[in-house]
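Survey of secondary and tertiary structure
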Amino acid sequence: MKKLIAVCVVCMLSTFAAGAANVGTIDNGYPGDTEAQAQMLCDLGLFRGTEKGFELEKPMTRAEAAAMLTRLLGAEDKALSGDWAHPFTDVPQWADSYVGWLYESGLTKGVSTTIYGAEENVTCRQYCTFLARAASDDASYELLLYDGDAEEAACDEAGFVRGDAVSLSVRLLEQYYTKYEDTNGFTVAQKLINQGVFTTEQLKNAAWNVLRREYKRVGSTPYGSDMVLSCVIAGVPVARCSDERIYALYASQLNGVYGERNEAGQEYQLFWIDPYTLQTTELLRCASGSQTVALGRAGRTDYLVLTEPNQENNILCAVRGTAVEAVMELSEDTRNLVMFSCLQGKEGCVFQYDDSTFYCLEEDGIRKLPLAPGEKLVKVMQDGLLVTQNVSTDHTVISAWTWDGKAAGSFTVDNAYPVPEGMESEDAEYIAYWCSLFAPNLKSDNGTEVWGTAGLYRVTDGVLTQVIDTPVYDCEIDPADGSYVLLTSPVDERPGFSGGGVFTLTGTQVLRIAQDGTRQMLLADEPDHGLTFSEISKAKDGTVQVVYTYVMGMGDTYRYEYAVENGRLRALVHTPGMGYSGYTEEECTAEQARLDALGVGVGAD
């Protein structure tokens with residue numbers, strides 16, 4: 001086998017399963033869930049539970065928030081050992097030092113000049129404001145919110161709890177410390193290390209499977225020139241590679257952390273890198289000027305595509321630990337098709353080799369899939385079902401296949417999009433090309449459903465089923481009753497708008513499909529409402545929203561929003577912002593009256 005491969009990969013690794021359980025409304029999307037984040041803060045001396053544990057599901061008073069914030073800033077000993085004054089008359093004795101230190105430090109204020117509100121439950125905005133003041137010179141609480149007002153509203157509606165305080169406190173560690181016009185470029189986590197609150201090694205151990213890990217070249221200080229491959233957690237380099245000539249790039253679909261050394265006139269080297277220590281083990285050497293891209297993974301096997309200079313073909317390679325195996329040769333055209341078509345599934349990867357050949361990449365090797373010629377891979381669903389489409393000028397066939405290539409459902413959708421007037425005189429090849437541009441197809445998915453102008457499909461008991469065969473431009477499931485809320489249009493229309501040089505398909509109709517299949521048209525273009533809806537979104541509180549966006553240019557965008565409530569529409573006021581405008585309160589009232597009169601509004605009889 002040739003001396004092959006090199007790959008440069010930066011990986012964001014985690015050993016916790018995605019979608020881990022969270023306590024409270026605030027979801028950081030970290031590898032570790034809320035309980036793990038609380039344990040991390042505890043291990044770092046920044047959080048303390050009660051005699052009953054962390055009690056993350058319980059509300060937090062403003063007095064308790066003062067104590068937590070003081071610990072989070074590593075100032076508990078200072079607060080308890082000092083004589084701190086405050087003007088508040090309602091602070092319990094146990095919290096007096098915490099509130100006093102925060103007050104004299106300019107980090108907290110009362111609900112009035114003499115009342116702190118110690119026994120009141122803290123709100124999301126109040127706690128974010130505490131944190132913002134601790135890290136910056138202003139109280140811009142939005143700094144800590146990923147989704148702005150929507151996240152705050154959802155949190156306060158559900159009730160702010162200790163778990164939410166933990167999640168927001170952990171977010172703070174990744175924020176840059178800019179208080180007192182600090183321009184050193186340190187995150188809050190690094191600032192606490194510099195102050196001796198905890199060590200880099202303690203952060204590494206406590207946060208290893210809890211926070212995101214990134215592998216990239218950084219200096220030992222934010223603006224240092226000693227750039228080497230490092231493992232970075234919360235903006236802190238917790239491990240550094242001893243070889244400054246090794247680079248890494250991001251490829252989250254791989255298992256391992258790999259590095260490359262590629263110097264002019266020198267052999268290209270591939271290394272396996274220990275993710276914890278960043279110690280390197282050389283795997284392979286190949287000719288200078290080689291390059292490798294990551295294709296995907298299957299179990300503990302990583303698949304890479306190698307291109308070597310002066311070689312006719314590319315090589316598809318499997319890397320298992322420190323062993324590398326050449327799997328197949330790929331021409332340049334085939335390589336491009338493989339890279340473009342490859343889909344990652346839980347069992348491994350699938351890709352198209354040519355017009356009629358498909359392969360699975362599994363942990364133990366490669367296997368040919370018995371799919372029909374003309375099929376195009378669309379999606380690997382969460383349960384491993386493969387979805388393909390075969391598009392022609394007259395119709396599209398949507399099919400599903402098990403991982404071993406057995407048929408699991410097939411549907412034919414006719415192409416009803418009309419040929420424009422005057423095009424009948426064009427030659428047949430051009431007309432066929434035009435028809436193919438607007439043929440039904442699938443483009444989007446959420447893991448269990450897949451949709452597009454060919455309709456909406458879902459996996460039921462391992463088989464693909466058709467929900468609707470009319471165009472679906474966006475889809476959400478209403479958590480209130482499990483119904484689908486869809487953007488759609490008549491089958492012979494493809495409405496949309498152009499903005500920034502891109503044409504975006506939109507819907508003229510909002511359709512609701514109940515779990516029993518009952519259909520309810522929430523909004524149609526009869527009578528003409530003049531709107532084309534661009535998306536169905538879901539707010540943090542689970543409310544499904546219908547959004548209309550109209551782009552008039554680079555700086556003129558209209559955004560109108562509707563909430564779906566019990567199968568009816570409520571027009572929402574949208575506060576104009578930079579480049580955006582929407583319903584004012586007066587316009588919103590008028591639009592709600594129109595919806596109610598049509599029988600689709602929340603105020604309809």
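Read on for an overview of the structure.

Reading the values: rules and limits
- Residues numbered from 1 in each chain as written.
- Predicted model: local features only at pLDDT ≥ 70, side-chain atom pairs only at ≥ 80, totals over all residues.
- Heavy atoms only, no water.
- Salt bridge = Lys/Arg side-chain N within 4 Å of Asp/Glu carboxyl O.
- Buried < 20%, exposed > 50% of the residue type's maximum accessible area, 1.4 Å probe, protein only.
- Helix = DSSP H or I, 4+ residues; strand = E, 2+ residues; numbered from the N terminus.
- Pairing = 2+ DSSP bridges.
- Contact = heavy atoms within 4.5 Å.
- Axes fitted to C-alpha atoms, helices over the stretch in contact; angles between N-to-C directions.
- Lys, Arg positive; Asp, Glu negative; His and termini not counted.
- Core = buried A, V, L, I, M, F, W, Y, C linked by side-chain atoms within 4.5 Å.
- Left-handed = near helix turned anticlockwise from the far one by under 90°.
- Nonpolar A, V, L, I, M, F, W, Y, C, P; charged D, E, K, R; others polar.

Let us look at the pattern of salt bridges. Per the counting criterion, the structure on display carries 20 salt bridges. It is possible to trace a salt-bridge network through shared partners that takes in D243, R245, R261 and E263.

Attention now moves to the pairing of strand β4 (residues 258-261). Along β4, one buried face is formed by Y258 and E260 and the opposite face, lined by G259 and R261, is buried too. Pairing analysis gives four bridges linking β4 to strand β5 (residues 268-273), with the strands arranged antiparallel. In the sheet register, R261 faces β5, and the bridge partner there is Q269. Adjacent in sequence and paired antiparallel, β4 and β5 are bridged by six residues, among which G265 carries a positive phi angle near 80°.

Inspection of the secondary structure assignment puts L316 in strand β9 (residues 314-320). Judged by its relative accessible area of 0%, L316 falls in the buried class. Spatially, the C-alpha atoms of L316 and V293 are 9.9 Å apart, while their sequence positions differ by 23 residues. Apart from the residues within four sequence positions on either side, L316 is in contact with L295, Y303, L304, V305, E325, A326, V327, M328, L330, F351, L361 and I366.

Spatially, four strands are ordered β23-β24-β27-β28 in an open sheet, and the strand pairing comes out antiparallel. Looking along the sheet, the strands with just one partner apiece sit at the ends: β23 (472-477) and β28 (519-523). Along the sheet, successive strands turn relative to each other by an average axial angle of 25°, direction set aside. By the bridge criterion, five bridges tie strand β24 (residues 484-488) to strand β27 (residues 509-513) in an arrangement that is antiparallel. Bridge pairing links T488 to Q509 in β27.

Next up on the list: the side chain of R162. By secondary structure assignment, the location of R162 is in helix α7 (residues 162-174). Within the buried core, R162 has no salt-bridge partner, and the shortest N-O distance to an opposite charge, that of E64, equals 5.0 Å. In contact with R162, not counting residues within four places along its chain, are F47, R48, G49, T50, F54, E55, L56, K58, P59 and M60.

Below, the discussion takes up the nonpolar core. Formed by 78 residues in total, the largest nonpolar core has its most connected members in M40, L41, Y127, L168, L203 and L211. Excluding residues within four positions of it along the chain, L203 makes contact with L44, A189, I193, F198, W208, I233, V236 and V238. Counting residues in hydrophobic clusters, the runner-up holds 19 residues, among them L522, I536, Y560 and Y583.

In terms of residue burial, strand β3 (residues 236-240) counts as a mostly covered element, since four of its five residues are buried. The pairing of strand β2 (residues 228-233) with β3 spans four bridges and is classified as antiparallel. By the bridge assignment for β3, S230 is matched with R240. Counting the residues that bridge the hairpin from β2 to β3 gives two residues, and of these A234 lies at a positive phi of roughly 55°.

All right, on to the side chain of K191 then. Relative to the helices and strands, K191 resides in helix α8 (residues 188-194). The residues contacting K191, other than those within four sequence positions of it, are Y177, D182 and F186.

Okay, the packing of helix α2 (residues 62-72) against helix α4 (residues 96-104) next. Helices that pack against each other are described as a pair by the angle of their axes relative to one another and the distance between those axes. For the pair α2 and α4, the least separation of the axes is 9 Å and the interaxial angle reads 65°. Considering only the axes of α2 and α4, their crossing is left-handed. Note on element contacts: α4 touches α2 through Y98, V99, W101 and L102, opposite A66, A67, L69, T70 and R71. Considered class by class, the residues forming the contact of α2 with α4 number seven nonpolar, one polar and one charged.

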